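Given next are the chains, with one letter for each unit.
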Amino acid sequence: MRVITSLVMLLLLTTNVFAGSHEKMKELSKTQFIEMKVVEGMSAEDAEVTFNELDKDQDGKLSVEEQKQ
């Protein structure tokens with residue numbers, strides 16, 4: 001019985017973690033993108049260069065399509 005209870009608990013925890021990791025992408029502003037990349041370890045200058053390369057329509061925001069590139 002303990003084994004079954006443990007497996008059920010593990011399944012529930014794993015499902016919750018998996019569900020949270022697939023959030024829908026949303027449009028990002030330049031500031032949001034830079035902050036996110038700095039947290040990931042990129043310099044702010046490199047993040048800005050990357051943002052400018054990805055922002056094809058030069059509207060100051062990255063659409064979901066632009067982020068996928």
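So, here's what we can say about the structure. (Residues numbered from 1 in each chain as written. Predicted model: local features only at pLDDT ≥ 70, side-chain atom pairs only at ≥ 80, totals over all residues. Heavy atoms only, no water.)

A closer look at helix α2 (residues 30-39)
Within α2, the full set of buried residues consists of Phe33, Ile34 and Lys37. Each buried residue of α2 lies within a common arc of 95° when the element is viewed along its axis, so the set occupies one face. Relative to its buried face, α2 has exposed residues pointing more than 90 degrees away, namely Thr31, Glu35 and Val39. Next to the buried residues of α2 lie β1 (28-29), α3 (44-54) and β2 (61-62). Count one or two residues on from α2 and you reach Gly41, which has phi positive near 110°. (Buried < 20%, exposed > 50% of the residue type's maximum accessible area, 1.4 Å probe, protein only. Helix = DSSP H or I, 4+ residues; strand = E, 2+ residues; numbered from the N terminus. Arc of directions from axis to C-beta. Contact = heavy atoms within 4.5 Å.)

Things to note about the nonpolar core
By size, the foremost hydrophobic cluster in this structure holds five residues: Leu28, Phe33, Phe51, Leu54 and Leu62. Aside from chain neighbours lying at most four places away, what touches Phe33 is Leu28, Ala47, Thr50, Phe51, Leu54 and Leu62. (Core = buried A, V, L, I, M, F, W, Y, C linked by side-chain atoms within 4.5 Å.)

Considerations on the environment of Gln32
Checked against the element boundaries, Gln32 lands in helix α2. We classify Gln32 as partly exposed; its relative accessible area is 34%. Expressed as a C-alpha distance, the spacing of Gln32 and Lys61, which sit 29 residues apart in the sequence, is 9.3 Å.

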